[in-house]
Amino acid sequence: MFVENGTDAKLPCTFTSVEVISSAASISWSFQPEGAATRISFFYYFNGTPYPGKDIPFKDRITWAGDLNKKDASISISNMQFRDNGTYICDVKNPPDIVVKPGEIRVRVVEKDSLPAFPIAMVAGIAIGTVTGLSLLISIVVCLVIRKNNSKKRYSGCSTSESLMAPVKQAPQKSPSDTEGLVNSVPARSHQGPVIYAQLDHSGGQHSDKINKSESVVYADIRKN
């Protein structure tokens, strides 16, 4: 985390424990300066009482800022200096749960008004992206609703249920008298006379009176009325 020179910094530290937080819980903070191989213990908390270290780098600058009931073991350091650059380690013990991996925070103290601009740019980018995504989603939903409404208007004729419920027109029934009149109005079929079949000989020979079985024969149906 980046901190401006001469300002106060809150070092966050949260933890988890399978045991209920008791008065036996303890928190210890240590500091490893940049380029150093050793750590310096500068803060201890036990049984509700903070014990700030009296080392010169942090003397009278440490304040307890946590709440064990909320599993928060944070501290505040006032008047941050360039010599405070380094790694801060938070170690929490809640007996019998004492095997907890310590948390680490790397602090970088910078000149005032010289904090990196990328966090602001990142937040702005996320905000712009979110607004753009929501606008696109709203546009898609509106288009789908309009298209659906247009489809309903296009096919807004009689529905199937209405067609089925519509009354069916029945053909008018005819009375017996009408049927008798219809029968009487049909003209009787005229009597056909006898049917005469004539056999034509196309052989063209002398024996025209004889029928040549190999030649074709045409029958003419002559009806006499």
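Bear in mind the structure is a predicted one, so any value in this text is a computation, not a measurement.

> I tried to follow the sheet that holds strand 7 (residues 75–77) on my own but got confused; where do I start?
Pairing between the strands of a sheet is mediated by backbone hydrogen bonds and can be parallel or antiparallel. The strand order 2-7-6 describes an open sheet built from three strands, whose pairing is antiparallel. Each edge of the open sheet carries a strand with a single partner, namely strand 2 (9–11) and strand 6 (62–64). Taking the axes of each pair of neighbouring strands and ignoring which way they run, one obtains an average angle of 25° across the sheet. Summarising the sheet, strand 6 and strand 7 pair through three bridges and their orientation is antiparallel. Within strand 7, the residue paired with Trp64 across the bridge is Ile75.

> Help me understand the sheet that holds strand 3 (residues 26–33), please; the structure alone is not making it clear to me.
Pairing in this open sheet of six strands is mixed, and the strands run 1-9-8-3-4-5 from one edge to the other. Unpaired on one side and paired on the other, strand 1 (2–4) and strand 5 (49–52) mark the two borders of the sheet. This sheet shows a mean twist of 25° between the axes of neighbouring strands, independent of strand direction. Pairing analysis gives four bridges linking strand 4 (residues 40–46) to strand 5, with the strands arranged antiparallel. In the strand pairing of strand 5, Phe43 is matched with Pro52.

> I keep staring at the state of the cysteines and nothing clicks. Help me out?
When the sulfur atoms of two cysteines share a covalent bond, that bond is a disulfide. For the structure on display, the rule yields one disulfide. In this model Cys13 forms its disulfide with Cys90; the gap between the sulfur atoms is 2.0 Å. Where Cys13 bonds to Cys90 through sulfur, the torsion about that S-S bond is close to -75°, and the disulfide is left-handed. Here Cys13, found in the loop between strand 2 and strand 3, pairs with Cys90, found in strand 8 (residues 86–93); they are 77 residues apart in sequence, far enough to count as distant. The exposure class assigned to Cys13 is buried, which follows from its relative accessible area of 7%. Accessibility expressed as a relative area gives 3% for Cys90, which makes it buried.

> Even after reading the chapter, I still don't get the nonpolar core, so can you show me in this structure?
Considering soluble globular proteins, one finds that nonpolar side chains tend to be buried as a cluster. Residues Leu11, Ile27, Trp29, Phe42, Met80, Tyr88 and Val107 are the most contacted members of the largest nonpolar core, which totals 25 residues. Of all the elements in the fold, those that place two or more residues in this core are strand 2, strand 3, strand 4, strand 7, strand 8 and strand 9 (103–110). Here Val107 is in contact with Met1, Val3, Leu11, Met80, Asn85, Gly86 and Tyr88, once residues within four sequence places are set aside.

> How do you make sense of the pattern of salt bridges when you look at a structure like this?
Side chains that differ in charge, positive against negative, can pair when their charged atoms come close. Here the structure, examined in full by the defined rule, presents four salt bridges. Residues Arg39 and Glu104 are paired through a salt bridge, measuring 3.6 Å at the closest nitrogen-oxygen approach. Residue Arg39 is located in the loop between strand 3 and strand 4, and its partner Glu104 is located in strand 9; the two are separated by 65 residues in the primary sequence. Taking the relative accessible area as the measure of exposure, Glu104 reaches 55% and is therefore exposed. A salt bridge links Asp91 to Lys93, with the shortest nitrogen-to-oxygen separation between them at 2.8 Å.

> Would you take a moment to explain the pairing of strand 9 for this structure?
The side chains of a regular strand alternate, first on one face of the sheet and then on the other. In the sheet, strand 1 pairs with strand 9 via three bridges, with the strands oriented parallel. Directly across from Phe2, in strand 9, lies its bridge partner Arg108.

> What is the right way to look at the environment of Lys54 in this model?
Mapped onto the fold, Lys54 is located in the loop between strand 5 and strand 6. Assessed through its relative accessible area of 74%, Lys54 is described here as exposed. In this structure, the C-alpha to C-alpha distance between Lys54 and Ser41, residues 13 residues apart in sequence, is 9.9 Å.

> Whenever I open this one, a nonpolar patch on the surface confuses me. Can you help?
Side chains of Leu134, Leu137, Val141 and Val145 sit close together on the surface and give an oily, nonpolar patch of about 350 Å² of accessible area. Topologically, Leu137 is positioned in helix 1 (residues 118–154).

> In this structure, what is going on with the environment of Pro33? I would like to understand it.
Among the structural elements, Pro33 can be located in strand 3. Taking relative accessible area as the criterion, Pro33 reaches 23% and is therefore assigned partly exposed.

> What exactly am I supposed to notice about the packing of aromatic side chains here?
Given two aromatic rings, one states the distance between the centres and the angle between the planes to describe the pair. All told, the structure shown has nine aromatic pairs when counted by the stated rule. The interplanar angle of 35° and the centroid separation of 4.6 Å between the aromatic rings of Phe31 and Tyr88 together place this pair among those described as tilted. You can see Phe31 sitting in strand 3 and its partner Tyr88 sitting in strand 8, a full 57 residues away along the chain. The residues Phe31 and Tyr88 share a single accessibility class, namely buried. An aromatic cluster is built from Phe31, Phe42, Phe58 and Tyr88, whose rings are joined through pairwise contacts.

The rules we used
- Residues numbered from 1 in each chain as written.
- Predicted model: local features only at pLDDT ≥ 70, side-chain atom pairs only at ≥ 80, totals over all residues.
- Heavy atoms only, no water.
- Pairing = 2+ DSSP bridges.
- Helix = DSSP H or I, 4+ residues; strand = E, 2+ residues; numbered from the N terminus.
- Axes fitted to C-alpha atoms, helices over the stretch in contact; angles between N-to-C directions.
- Disulfide = S-S within 2.5 Å.
- Buried < 20%, exposed > 50% of the residue type's maximum accessible area, 1.4 Å probe, protein only.
- Core = buried A, V, L, I, M, F, W, Y, C linked by side-chain atoms within 4.5 Å.
- Contact = heavy atoms within 4.5 Å.
- Salt bridge = Lys/Arg side-chain N within 4 Å of Asp/Glu carboxyl O.
- Patch = residues over 30% accessible without salt bridge, like charges linked within 9 Å, V, L, I, M, F, W, Y side chains within 5 Å.
- Areas by Shrake-Rupley, 256 points an atom, 1.4 Å probe, with all protein chains shown as cover.
- Phe/Tyr/Trp six-rings, centres within 6.5 Å; stacked < 30°, edge-to-face > 60°.

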